[in-house]
Amino acid sequence: MVSVDYPFDTPAGADVDPEGLRLLEKGPLARARMNGEHEVWLVLGYQAVRQVLSDPGFSREAATRPGGPVTNPAGSNPELLVSMDPPRHTRIRSLVAKAFSPRMVERLAPRVRELVNGLLDELAAQPRPADLVRLLAEPLPIMVICELLGVPDADRARIRGWAGTLIAETAHTREEIAAAIGQVDAYLAELIAARRETPDTALISALIAVNDEGRHLSPTELISNVQLLLIAGHETTVSQIGNSIVTLFGHPEQLKLLCRQPELLPGAVEELLRHSKLTTSTMPRVAVRDTMVGDTLVRAGEAVIPLIAVANRDPAAFPEPHRVDITRTAPAPHLGLGYGPHYCLGAQLARLELQVAIGALLARFPALAPAVDLDDLEWKTGLSTRSLHALPVTW
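K.L.:
Would you explain empty space enclosed by the protein in this entry?
P.N.:
For the structure shown, the criterion picks out 3 cavities of 30 Å³ or more. Size it by volume and the second largest cavity reaches roughly 40 Å³. Along its surface, the second largest cavity is lined by Tyr6, Asp17, Thr279, Thr280, Ser281, Thr282, Leu307, Ile308 and Ala309. Residue composition of the lining of the second largest cavity, by class: 4 nonpolar, 4 polar and 1 charged.

K.L.:
When you look at the layout of surface pockets in this model, what are you seeing that I'm missing?
P.N.:
Any empty space left between atoms is shown by rolling a water-sized probe over those atoms. There is about 600 Å³ of room inside the largest pocket. Considering the residues around the largest pocket, the lining is formed by 30 residues, among which Pro7, Glu169, Thr170, Thr280 and Leu383 are closest to the centre. Its residues placed into classes, the lining of the largest pocket shows 9 nonpolar, 13 polar and 8 charged. Taken as a whole, the second largest pocket encloses approximately 420 Å³ of empty space.

K.L.:
For this particular structure, what's the right way to read the nonpolar core?
P.N.:
Inside soluble globular proteins, nonpolar side chains tend to come together where they are buried. Val151, Ile159, Leu230, Leu258, Ile358, Leu361 and Leu391 are the most contacted members of the largest nonpolar core, which has 93 residues in total. Excluding anything up to four places from it in sequence, isoleucine 358 contacts Ser244, Ile245, Leu248, Leu258, Leu265, Val269 and Leu272. By size, the runner-up hydrophobic cluster in this structure holds 20 residues, among which are Tyr6, Phe8, Leu24 and Val40.

K.L.:
I keep staring at the sheet that holds strand β10 (residues 369-370) and nothing clicks. Help me out?
P.N.:
One open sheet accounts for 3 strands, arranged β5-β11-β10; its pairing is antiparallel. Each edge of the sheet is formed by a strand with only one pairing partner; in this case those strands are β5 (130-131) and β10. Looking at chain direction, β10 and strand β11 (residues 392-394) are connected through 2 bridges and run antiparallel. What sits directly across from proline 370, in β11, is valine 393.

K.L.:
Got a minute to help me understand the packing of aromatic side chains in this structure?
P.N.:
Per the stated rule, a full pass over the model turns up 4 aromatic pairs. When the centroid spacing of 5.4 Å and the interplanar angle of 90 degrees are considered together, the rings of tyrosine 46 and phenylalanine 318 count as edge-to-face. On the criterion of sequence distance, the pair formed by tyrosine 46 in helix α2 (residues 46-54) and phenylalanine 318 in the loop between α14 (308-311) and α15 (347-364) is long-range, its members being 272 residues apart. Comparing tyrosine 46 with phenylalanine 318 shows no difference in burial state: the two are buried.

K.L.:
Before we go on, may I ask you to explain the state of the cysteines in this structure?
P.N.:
Throughout this description, disulfide means a covalent bond between two cysteine sulfur atoms. This structure, assessed with the given rule, holds 0 disulfides. With no disulfide of its own, cysteine 344 has cysteine 146 as its nearest cysteine by sulfur position, at a separation of 17 Å. Looking at cysteine 344, the relative accessible area reads 28%, which means it is partly exposed.

K.L.:
Teacher, can you tell me more about the packing of helix α11 (residues 219-250) against helix α12 (residues 252-260) here?
P.N.:
Think of two packed helices as two axes; the pair is described by the angle between the axes and how far apart they sit. For the pair α11 and α12, the least separation of the axes is 5 Å and the interaxial angle reads 110 degrees. Taken together, the axis directions place α11 and α12 in an arrangement best described as roughly perpendicular. Side by side, α11 and α12 meet where Leu248, Phe249 and Gly250 of the first sit next to Pro252, Leu255 and Leu258 of the second. When the residues that make up the contact of α11 with α12 are grouped by side-chain class, the tally is 5 nonpolar, 1 polar and no charged.

K.L.:
Honestly, the pattern of salt bridges in this entry has me stumped. Any pointers?
P.N.:
Here the idea is simple: oppositely charged side chains can pair when their charged atoms come close. Within this structure, the stated rule accounts for 24 salt bridges. Where glutamate 270 meets arginine 351, a salt bridge forms, and the shortest distance between an N and an O atom there is 2.6 Å. Taken together, the residues span a long stretch of sequence, with glutamate 270 in helix α13 (residues 265-275) and arginine 351 in helix α15 at a distance of 81 residues. Overall, arginine 351 belongs to the buried group, its relative accessible area being 15%. Between aspartate 325 and arginine 323 there is a salt bridge, with the nearest N and O atoms lying 3.2 Å from each other.

K.L.:
So what exactly am I meant to see when it comes to the pairing of strand β9 (residues 303-306) here?
P.N.:
Two faces belong to every sheet, and in a regular strand the side chains alternate between them. Where burial is concerned, the two faces of β9 agree: the one with Ala303 and Ile305 and the one with Val304 and Pro306 are both buried. As paired strands, strand β3 (residues 38-43) and β9 are joined by 4 bridges and run parallel to one another. The residue bridging valine 40 from the neighbouring strand is alanine 303, located in β9. Direction of pairing for strand β6 (residues 285-287) relative to β9: antiparallel, over a ladder of 2 bridges. Of the residues in β9, the one forming a bridge with valine 286 is alanine 303.

K.L.:
Any chance you could explain helix α4 (residues 88-97) here in plain terms?
P.N.:
Side chains that are three or four residues apart share a direction in an α-helix, a result of its 3.6 residues per turn. Within α4 the residues assigned to the buried category are His89, Ile92, Arg93, Leu95 and Val96. Down the axis of α4, the sector holding all buried residues measures 155 degrees, keeping them to one side.

K.L.:
Help me understand the sheet that holds strand β4 (residues 58-59) in this model?
P.N.:
Within a beta sheet, neighbouring strands are joined by backbone hydrogen bonds and run either parallel or antiparallel to one another. Reading across from one edge, β1-β2-β3-β9-β6-β4 is the order of the 6 strands in this open sheet, with mixed pairing throughout. Sheet topology places β1 (4-6) and β4 at the edges, where each strand pairs with a single neighbour. Of the pairings in the sheet, the one linking β4 to β6 comprises 2 bridges and is antiparallel in character. Bridge pairing links serine 59 to valine 286 in β6. Along the sheet, α2 makes contact with β2 (29-34), β3, β4, β6 and β9, crossing β9 at roughly 120 degrees.

K.L.:
Mind showing me how you'd approach the environment of glycine 150 here?
P.N.:
The topology assignment puts glycine 150 in the loop between α7 (139-149) and α8 (156-166). The sequence separation of glycine 150 and threonine 201 amounts to 51 residues, and the corresponding C-alpha distance is 7.8 Å.

K.L.:
What is the right way to read the environment of leucine 278 from this model?
P.N.:
Assignment of secondary structure puts leucine 278 in the loop between α13 and β6. With 107 residues separating them along the chain, leucine 278 and threonine 385 place their C-alpha atoms 5.6 Å apart.

Conventions we followed
- Residues numbered from 1 in each chain as written.
- Predicted model: local features only at pLDDT ≥ 70, side-chain atom pairs only at ≥ 80, totals over all residues.
- Heavy atoms only, no water.
- 1 Å grid on protein atoms, 1.4 Å probe; cavity = no way out; pocket = protein on both sides within 12 Å on 5 of 7 lines; lining within 4 Å.
- Points joined across faces, edges and corners; volume = space filled by probe spheres on them.
- Nonpolar A, V, L, I, M, F, W, Y, C, P; charged D, E, K, R; others polar.
- Core = buried A, V, L, I, M, F, W, Y, C linked by side-chain atoms within 4.5 Å.
- Buried < 20%, exposed > 50% of the residue type's maximum accessible area, 1.4 Å probe, protein only.
- Contact = heavy atoms within 4.5 Å.
- Pairing = 2+ DSSP bridges.
- Helix = DSSP H or I, 4+ residues; strand = E, 2+ residues; numbered from the N terminus.
- Phe/Tyr/Trp six-rings, centres within 6.5 Å; stacked < 30°, edge-to-face > 60°.
- Disulfide = S-S within 2.5 Å.
- Axes fitted to C-alpha atoms, helices over the stretch in contact; angles between N-to-C directions.
- Parallel < 35°, antiparallel > 145°, perpendicular 65-115°, else oblique.
- Salt bridge = Lys/Arg side-chain N within 4 Å of Asp/Glu carboxyl O.
- Arc of directions from axis to C-beta.

See the structure below:
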């Protein structure tokens, strides 16, 4: 029997879903009705979410077919890497994964530090209070991904506009989202054609070269997955930088500890990824065969939605799960960047940007503080990410 409605009516700025936590107390799975239409399984427990994210019995492709349980219309494109199952997923991911290898990310580190220092110079010159979203969280990830892909700097503003539409669930109409998809795809088709004529050393040119040599990608696969890298490659990091700073502001003893001991930064970033809800929904799957998830039978054809933010607060995996502890040595890795075949392709790059941005910010402005009450912050609504409108700060 369907017992709850989904999505939950959670305030936009909440760092977890209280309804999801309530359901988790009763068991790792719960039945729900999504958008008043689809009956789905909500997957809540840590081990259950890991199973669903990694078990080939749960298909992303099946979830994106017409009538599937998709909350973000842009995510129903079957040409996207995140919408594919192996072996197609394996083939395409292998082409783009090299750009995000630990070695490539390490090579990017000096440039990321340079960009952050430049942005902090601009921040220091601003009258106080200053908006940390506009001056750091938004510009850094788009700068990095555009350089990585070889997208002209002059086009950043247009890309930010498209990104804000493509991550919408209810903030834009389906017609507006479809129009934005058409615009960004047309832009990328022109850019890919230009890079084919005049290659550079960035990723789009590298993908074209690999593709033309081995015919690994169809034209629509190439455009769609460059779009994925461009939009998803920066939008989630924009949100997570702001979310992480807000979490630290809300736990001043942890903020002071991190300022005193900057060597704790890598672990702090992991704890912030665990504790701070990033996505308001997780890419659904559909069972392609009867599968036991814990003690629950999920039948073939039934939809499942893994709730990562809830799983990251599962007391069975994380002692005192609602406490922020940047020295935490958890018995289990968090799921903030996913798990299994669809583990975040840009995880290492996201970690780099978060570590450099937060570390440099606190080193430069050790007295950094919110300029408004945290309860008064304005959060964007109707998006698939938890994201701030602005974060006024002083120092």
